[in-house]
Amino acid sequence: MGFLHIGQNVMVNDRRIIGIFDLDITSQSAQTRRFLDQAEQEGVVLPVCDDIPKSFLVCTGRSYIFPS
């Protein structure tokens, strides 16, 4: 079992990771935008950056938006 450090002292268990996605590419899809909007409304998105996010990580139970 390993962990992935995604910023601001947030570590994610690698067994919980479903996918890591580039926001520039995936945000062109209406389906991805709907997914992120719904996840944010449900309170399961945790931003871990102060800058403009470049990626998002989907895990079991939570999604993260992070800078790299």
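Structure shown above.
Read on for an overview of the structure. Computed from a predicted model, the values in this text were never measured in an experiment.

Considerations on the pairing of strand β1 (residues 3-7)
Walk down a regular strand and you will see the side chains alternate between the two sheet faces.
Stage number 1. Of the strand pairs in this sheet, β1 and strand β2 (residues 10-13) are connected by four bridges, and their pairing is antiparallel. Within the sheet, the bridge partner assigned to G7 lies in β2 and is V10.
Stage number 2. Once β1 ends, the chain turns through two residues before running back antiparallel as β2, passing Q8 with a positive phi of about 45°.

Description of the environment of D51
Stage number 1. Considering the arrangement of structural elements, one finds D51 in the loop between β4 (45-47) and β5 (55-59).
Stage number 2. Sequence separation between D51 and D22 is 29 residues; the distance between their C-alpha atoms is 15 Å.

The rules behind these values
Residues numbered from 1 in each chain as written. Predicted model: local features only at pLDDT ≥ 70, side-chain atom pairs only at ≥ 80, totals over all residues. Heavy atoms only, no water. Pairing = 2+ DSSP bridges. Helix = DSSP H or I, 4+ residues; strand = E, 2+ residues; numbered from the N terminus.

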